[in-house]
Amino acid sequence: MSKTAPLRFGFLIVILTAAFSQAALPLLQSAGIAPGISAARADDDDDGGGNDDDGGGSGYGGSSGGGDRGSDNRRPRGDLRSLFGWPFQRAEQRPQQRRTVAVPERAADKILALGLDDPAIANLTQEGFVVDERTTIALTGSELIKLTIPRGMTLDTARQAVIATAPSASVDFNHFYQPEQQEASSCSGDGCRLVRHMVGWPLDGDQEQTASCAAPLPIGLIDTAINAGHASFTDAAIEVVQLGNGAEAPSGEQHGTAVAALLVGAAGSRAPGLLPAGHLVAIDAFQRYRKTADIAETYDLIQALDVLAARKIRIINLSLSGPANTLLEKAVRATIDKGTILVAAAGNEGPNAKPVYPAAYADVIAVTAVDRSMKPYRRAVRGEHIDIAAPGVGVWTAASISGGRQKSGTSFAAPFVTAAASLLLGANPDMRPNDVANALAQSASDMGAPGKDAIFGWGLLNARTLCQS
């Protein structure tokens, strides 16, 4: 062995030791061994709470900023781990997992009823029921009552007891509904293009089409809270209505802000809307559940429909889903009978899931989502009730704090059809809900099996002819 060999061998040991110490730092810190050293964590692209701000920047997804970018796992120059393929680097790149809490299908101790008279209420009170809330619903011409059931009584027994006391009343559980959003992602460059070109949106730069468009009718939105201070709403006509007395934990702003901006975001903002000159009446019908999810009670959804009906709003976007409910169905039917168009997200529970509501109710326009390759969104619910498809994968819209990001889910396909219905009604105010539904179906670009099918409905929304009338 030459005299320089020990020196080379020693130098190699130093290099390997340095590489080990750098790779092991995050593990040491997580174990409490190196408390004074901070370790970088990959960004968890979960929209179930927290900040989805894109951190500013320029363009539709510039590289500057923070929260909305994907994790930048590039190593700094000179990182010796890149030379040796150190096995610990994979563990370092895993995104942090957030705890999720399963949301129950219904309230554990509540029963709802429409049409209880005073004698029935008195009898139920004697049996141990307590009137929790009550309000008159003009849509149905009856009072909506939320009852707390007697302690020790099951929900099924309680419902049967109320039905037996008031056979003519509509009685059901207080079911929970959630916003229909599954995915959010960061993007850059061409990946952040607005997807409205897929349906030939008439207000997307075509001056001839824009000039022929009538003013859109006001839109009602039943969703989560909205960040009214978002830059995309600077010139927007948005009226926010809060239900209840504010006693419940406020809902998050991610979903409502994204859907609202997709509808009426300012034309020159980071998140331009489909109808930047439109008028939106937004009702926050949601509340926070265990700090992790947003839920809307059946009681509040019925109230929200009633409020919008009283304001004579003729188009309502419902990017939410849940189980079938007798009282909600009655309120939906009454809303449509008054000439209001209800547009609902088909749901993200998966292609083999059962239909979700309100999308599956008769005469509600159920909207599914497709990606930029015209393929069905992999999580979209399918079924004979599906009416029409619209872009819903990688849709660019507002983040909750500022700027924008891409969103995916049937929640973000529904606003395309809602906006289209608003333009149709603006040009033809005498159209009834069935007229609007038929017009959208007849102009849709057929996809999948010929005619209406369980995946795409009548096909992809075609917005090119919306303003020709």
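Residues numbered from 1 in each chain as written. Predicted model: local features only at pLDDT ≥ 70, side-chain atom pairs only at ≥ 80, totals over all residues. Heavy atoms only, no water.

Draft legend 1. Examining the packing of aromatic side chains more closely. All told, the structure shown has one aromatic pair when counted by the stated rule. Residues Tyr357 and Tyr361 carry aromatic rings whose centres are separated by 4.7 Å and whose planes lie at 50° to one another, so their mutual orientation is tilted. Residue Tyr361 is classed as buried on the basis of its relative accessible area of 6%. (Phe/Tyr/Trp six-rings, centres within 6.5 Å; stacked < 30°, edge-to-face > 60°. Buried < 20%, exposed > 50% of the residue type's maximum accessible area, 1.4 Å probe, protein only.)

Draft legend 2. Structural detail: the pairing of strand β14 (residues 365–370). Of all six residues making up β14, six are buried, and the element is well covered by its neighbours. Taking every second residue as pointing to the same face, both faces of β14 are buried, with Ile365, Val367 and Ala369 on one and Ala366, Thr368 and Val370 on the other. Both strand β13 (residues 341–345) and β14 contribute to a ladder of three bridges, which runs parallel. Opposite Ala345, over in β14, you have Val367 as the bridge partner. (Helix = DSSP H or I, 4+ residues; strand = E, 2+ residues; numbered from the N terminus. Pairing = 2+ DSSP bridges.)

Draft legend 3. Layout of the pattern of salt bridges. All told, the structure shown has ten salt bridges when counted by the stated rule. Glu133 is the partner of Lys146 in a salt bridge, and the nearest nitrogen-oxygen pair spans 2.9 Å. Placement of Lys146 in strand β3 (residues 142–148) and of Glu133 in strand β2 (residues 130–137) is noted, with a sequence separation of 13 residues between them. Classification of Lys146 by relative accessible area gives buried; the value is 4%. For Glu133, a relative accessible area of 33% corresponds to the partly exposed category. Ionic pairing is found between Lys146 and Glu297, a salt bridge with its closest N-O pair at 2.8 Å. Of this pair, Lys146 sits in strand β3 while Glu297 sits in strand β10 (residues 293–297), and the two are 151 residues apart along the sequence. The same class applies to Lys146 and to Glu297, which are both buried. (Salt bridge = Lys/Arg side-chain N within 4 Å of Asp/Glu carboxyl O.)

Draft legend 4. Representation of the confidence of the model for the protein chain within the structure. Summing up the model confidence of the protein chain, the mean pLDDT is 81 and the portion of residues at 70 or higher is 73%. The low-confidence segment residues 11–51, where pLDDT is below 50, has 58 contacts with residues more than four positions distant or belonging to other chains. Below a pLDDT of 50 lies the segment residues 54–98, which in the model reaches 82 contacts outside its immediate sequence neighbourhood of four places, other chains included. (pLDDT = per-residue confidence, 0-100. Contact = heavy atoms within 4.5 Å.)

Draft legend 5. View of the sheet that holds strand β7 (residues 237–242). Sheet architecture is open: seven strands sit in the order β7-β8-β6-β11-β13-β14-β15, paired in parallel fashion. The sheet is open, and its two borders are formed by β7 and β15 (388–391), each paired with just one other strand. Shown here is a sheet whose adjacent strand axes are inclined to one another by a mean of 25°, direction ignored. Both strand β6 (residues 219–223) and strand β11 (residues 315–318) contribute to a ladder of two bridges, which runs parallel. Among the inter-strand pairings, Gly220 is bridged to a residue of β11, identified as Ile316. (Axes fitted to C-alpha atoms, helices over the stretch in contact; angles between N-to-C directions.)

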